[in-house]
Each structure stands twice: as C-alpha cells, then as structure tokens.
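Structural overview
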Amino acid sequence: MKMPRIALTLLVSVLLAAPLRAAAPLPVTASEAEAWLRHTIPLPRQIEIKSKVILPAADIRIVEPADASPVARQAVKELRERLSAEAKAGQKVDAGFSLMLQLGGPEAAELKALKNADQACRIIPDEAGMSLRLVALTPRGLYYAAKTMQQLLKARADGRIEIPLARVTDWPDMEKRGLWGSDCHDHLRWLADRKMNIVEQISDIGVNAQGKPYARLKQGREPMVEDGPRYGIEPVPVVLHLEQLSAKGIFQAYPQLKSQGGQEGAICYSKPEFAGILAEWLVQLGGLPGVGEVDVWLAENMHDQGGCQCAACAREDRSVLETRTVVAAWKKAREKLPTLAIFVLTSEETEKSNPRILQELPPEVKLWYYHSLLTYNSSEAPMLRRYLEEAAQGGRWIGVCPNLTAFVNFTHPFTGAGFVHYRMNEFVNKGMSGLIGYATPLVHYSVFNVEAAAEWSWNARGRTPREFALSWAVRRGMKDPGKFADWSQALGPVAWDVYGSDWPSGEMRSTPPPVADRLRKGEFRGLGSNLWGVYRSPWGDIKTVEQLNNDVAQADRAVALARELGDEGITQESLVVQGYIRSLKALYELREIIKRTGQVPPDRREDAKRHFRMYADSLRQTAAALPKWEATVRRHGDEGNLTGKPVKVITGALEQMRQLHTDLGL
C-alpha cells in the first residue's frame, strides 16, 4: 500500500546499510541544560534537555525530507555545513546517530493548533537515543527546527560533537519579523539565523519619457530576491510615500495628475490614470522572483497644505481617497497577478484618518502602522493607539514600524535590552502580527538591539532583559558573560532614559527651543515635562530627582564595569551615556539656580559656574567617545564618520551654553 505523501520521508541511501549503534545517552544536569539554552536565539517556547550523546560528526546522519523546496534544501545544507565544520578533527567510531527532517506526519499534527502554525516546529528524540526527529508542517517551519538544532550542536576539544536529546515545541508570537531600509538586504543570512523572515526596501519606480511605468529593485538590493527566499525571508519591494513622486516623471507624462493647489507633489486622485500607473508598478514588482507582497506607503507629510483641491477631491478625506486609489490599483494588478498581496503603510499625515482607512481596506490587505513622531522614538511610553489594538483584536492584520536604535539617522550606541523587551511585549500584548524595525545607519551598528527584537518578537515572554544579555555574551564568546549582563543592566536603563528624552537630538528642533534659550528666558519646565506628548527634550522620560541621581550613579557603575571587561566598544558606549546623563544632571541644577528670572542670584554664582563646567565637560566627553565607539563597529567599506552629525549638534549646544555663561557674567 502506498504511504501517505504527508508522512513520507526520503531516506538517503545510507539508511539501507546495516544499522549502527548509537553512543550511549548521558545525563544532563539542570545547570548544564540551562547553560546550553543560552546558545539558542530566540529562546524556544518549550524545550527540555535531560540527556545527550557524544560522537564524531562523521557518524551523524542527516535524513533529508521529501520536500525539495529551496528552504528545505537550505535547512539540510546548513546542518551539513555545521557538522562538517566541526568534524575536521573527528575520528570514526562504531556508533551512529540520525537527524531526521520530516514534513507532516502524525508527529506534526499538534502543530496545527499553534499560533503561526506554518512556522511552528518540533524536535523529538527517540527512546533509544539514536535519533532526533525535526518535524514541521511547512518547509519554513522545518528550517526553523534546523536553526535551533544548529545552535544546540556543541563541538568538543577532542573533535567530537555533543548533541542534546532535546524535546522542543516552538512557534513565533508574531507572524512577520524583520527590518526595512538601511543595509538589511546585506544581512539576510544573519537575520535568518535569528528566525527573522521579512525585509523591505524602497524600489526604483517611475514613468519614462514614453509614458510607460517602470518598477524594479534599486541597484544592490538584488540579494533580497536572489537569496532571501531560500533563507525563509520574504522580499518586499516598497512603493515610496505617494506625495514624494514628483521627480519620477509622472507629471511630465500625465500633467492632469498634478494636484490643483495643495502640497507640491500631491496627486489628483479623482483622475483614473494614477491607479493604472500604480497597478503597473505593483505588477512589475510583484513579478520579481520570490516576491508575493508589495508595500505601498501612503503620503507622509502634506505640511498642512493638504492634497488636491479640485472639486472632486475636495469633497473627500484626502487620505481615504488615496487609500481607495491604492485598493483600486491592487485589484487591477491582480488581474495579471491573481495571488499578489499588498501591505499599506500609514504615516503622520494619515493618523487622524487611520480608523477610516482600516474600514476602506479589504480584510486581506495588511496594514503597517508608522508615524515618524510616534513610532520613531525611544520613549518609555506606549506606542500603539487604541483603535489599532481594537482592530487587531477584531482579526485585522496589523504590524508596526518602529526604530530599534536610539534615534533615526542620528547615530548612537544603544545596548538597550529593556527598551526592546518593552516594545516587543507591547506589540505582542496588543495583537500585532508583524514587525519591520528600522536600524540606522547600518544594521551592524545596532546588532544587539536587532537581535533582541528577533528574540522577543518570536518569544515575548521568554527571557528577561538580563537573561538575554547573558545569552548574547555567551554566544559572542565573551570571557565574563555575567559581568557583561551586569553592565547591560546598569547602562541600558540610563541610556533609555536619555534617548527616550530626545537628548540631545531635540537640540536640532526649534520647537521646543534649545535648552540654552530656555534657560536664558526662564521658560524651562521641570523633570518629566514634554510638549504635546511628543517633544520630550531634554528630560521627558526622567520624572524625579531620585531617578536622575540614580541614573548618574548607574552610569558611573557601568563605566567601571566596562573597564573591567576591557572591551573598547563597551567602554566608549559607557562614556557616551555617562557624559549625557551628567550633562542632564548639570542642566537640572542650572535650571534650579536660574529658575524663572533668567539670572543667577549672587549667592549661587559659584554653584552656577561649577554646573556650567560640569555640563561642558560632560558633553565634551560624549563628543570624544562617539567616534571612538564608531571605530569599534565600523566595517571595511562603510562610509564612516556617521557619528559626525551628533558631534556637530553637541558642539552647537556647547557653544550656545558658552554664550549664555558669558552673558550671565560668569
């Protein structure tokens, strides 16, 4: 009788040979199992290790699955590479062990009830300790089982391999987890190793001189479609914010689409031609290898000038009319590509209209929530609005586009385990289905936070921030992982308070004015203050004097721990944050001295001088440490001097305060 295909496993020819004896299983203590788990990323949802086997890599057999998809083949390839790399010093002994990759079958049945079951997997040891069965419903799930197995294989000094007889059931909290922008397309394997599965990049789109729409990947982004799919990573091309297309040849070829009044670059959505142009872009991008979904970004900022003011457009909510045009274009594109799916990304321009936009979108259209002020910040405050949570609870697919760094395009070090844990848990708790984080200027400038996002978007309630830092240090081979975790716990919350308070990035804005101007005018509000709930500079996330003083003490402790660790990057990051928090301490004391008068009382002149000096010395320390930190993360070919912008802002802030110091007669 023919075996059911779902349970069929293709046994390679070596299995036809006489059975080999497995090495006898050895017990694993609870502490040994705990140490083993620190090598996994993300931490599996359910994992138990009670025993292990030790044998040469040459005696480990990989039984391939029947599925011949690129992802399944990659799973086998990576396991072979892992074993081959560890087998060089091994000698063959009379033993045998099998890693069996299986799609479907009765062992996979329980996965069907799990969230995001298409990515769920099991690892099951046999009773005799002769094999581990890696089981999933789909090739991607099987790939993730293989990832966990790769992380658990442990090489010994004698060339043999320790294999934990792990019992695992695993699945992700969020369906889509990944990055957009910067150089994420150059880190596909690294992201896949952390079970991230989506990357997005802005596309090269336009209309040529003959009026023909064109859409393609930007040069250098080709790995998205060439390599991404075999790593289980979905490549998603992006159609740029729709008010930013004026240089794309649209209005030259179709002058009737230029808006009547409104923001420069706005499109008249009452004319039918644009839906056709957008549909053709969707078809061309959706036809790229491995692409199943395209992301369309709604207009980002109309600068209070609005959209087209023609009679037809003026009757409608601009953002709703734009959304209807996007949906019409998508439906037209599906006449050529019936399976094409789209995301729609919101913005600050659409914020007030988002509830109506959700009503306009068909249920199968996915929504990314983005707002440059509300999702690109590091404040310890909830990010998601109630209407988003309600829509997600009602079954709507909603994801979020946050920064994973201290600031966007304002380069700083940030080892922020607590920050990322807070963000990911909010997203999971409120039912978000996806994450496309933004890591600027380059992914390798922010590897800790990106890996933390991979950790908690998969398993939000797994590790604590300290446990994650400890596992990070173990995986990086640090000499003292415990001390690194202590350092992370000391510095991370301080950095979060500083960066979450927009310090010093807020000095680039005119609203609110720079701190020197506020001191001069006696218009400086106290700790914890912010403007309109979005402008927090300089201490919106620092609520009390006790918090401020504790931050100063913890930063001092972090600097001492960093020097004990002897790592240049960690030391310079600590000096950056210590300089910032000390500058805020000095600023607070100056604010208390000057108060509302804008003058220094005669009996406080020496105190004022001391705190002006502390402010200046602290920011000079940070300005000196930033490029030194950057030197530790820069790679060959990087542009370099990416910390130059914040150093320039710091220099400007120092000059403004120096002038105030002079004007006050100090």
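Now for a look at the structure at hand. Here the structure is a predicted model, which is why all the values come from computation and not from measurement. (Residues numbered from 1 in each chain as written. Predicted model: local features only at pLDDT ≥ 70, side-chain atom pairs only at ≥ 80, totals over all residues. Heavy atoms only, no water.)

**Considering the pattern of salt bridges**
Evaluation of the coordinates by the stated rule reveals 46 salt bridges. Among the ionic pairs, R194 bridges to E451, the shortest N-O distance being 2.6 Å. In this pair, R194 is assigned in the loop between α4 (188–193) and β10 (198–202) and E451 in helix α13 (residues 447–458), connecting sequence segments 257 residues apart. Of the two residues, R194 and E451, both sit in the buried class. Across the pair D617 and R620 runs a salt bridge whose closest N-O atoms are separated by 3.2 Å. Here D617 and its partner R620 are both found in helix α19 (residues 605–633), 3 residues apart, which amounts to about one turn of the helix. Among the residues examined, D617 registers a relative accessible area of 43% and is labelled partly exposed. In this structure R620 comes out as partly exposed when scored by relative accessible area, which is 42%. Within this structure, E32, K52, R156, D158, R160 and E162 form a network of salt bridges that share partners. (Salt bridge = Lys/Arg side-chain N within 4 Å of Asp/Glu carboxyl O. Helix = DSSP H or I, 4+ residues; strand = E, 2+ residues; numbered from the N terminus. Buried < 20%, exposed > 50% of the residue type's maximum accessible area, 1.4 Å probe, protein only.)

**Quick look at empty space enclosed by the protein**
Within the structure shown, the criterion is met by 1 cavity of 30 Å³ or more. Empty space within the largest cavity amounts to approximately 30 Å³. Along its surface, the largest cavity is lined by T405, A406, F407, F410, T411, H412, T440, Y445 and S446. Across the lining of the largest cavity, the residue classes tally to 4 nonpolar, 5 polar and no charged. (1 Å grid on protein atoms, 1.4 Å probe; cavity = no way out; pocket = protein on both sides within 12 Å on 5 of 7 lines; lining within 4 Å. Points joined across faces, edges and corners; volume = space filled by probe spheres on them. Nonpolar A, V, L, I, M, F, W, Y, C, P; charged D, E, K, R; others polar.)

**Things to note about the layout of surface pockets**
Estimates place the volume of the largest pocket at around 710 Å³. Surrounding the largest pocket, 33 residues form its lining, Y370, S372, Y376, V408 and N409 being those nearest its centre. Looking at the lining of the largest pocket residue by residue, the class counts come to 17 nonpolar, 10 polar and 6 charged. Counted as a void, the second largest pocket has a volume near 520 Å³. Lining the second largest pocket are 24 residues, with V447, W472, R476, W629 and V633 sitting closest to its centre. A per-class count over the lining of the second largest pocket returns 13 nonpolar, 6 polar and 5 charged.

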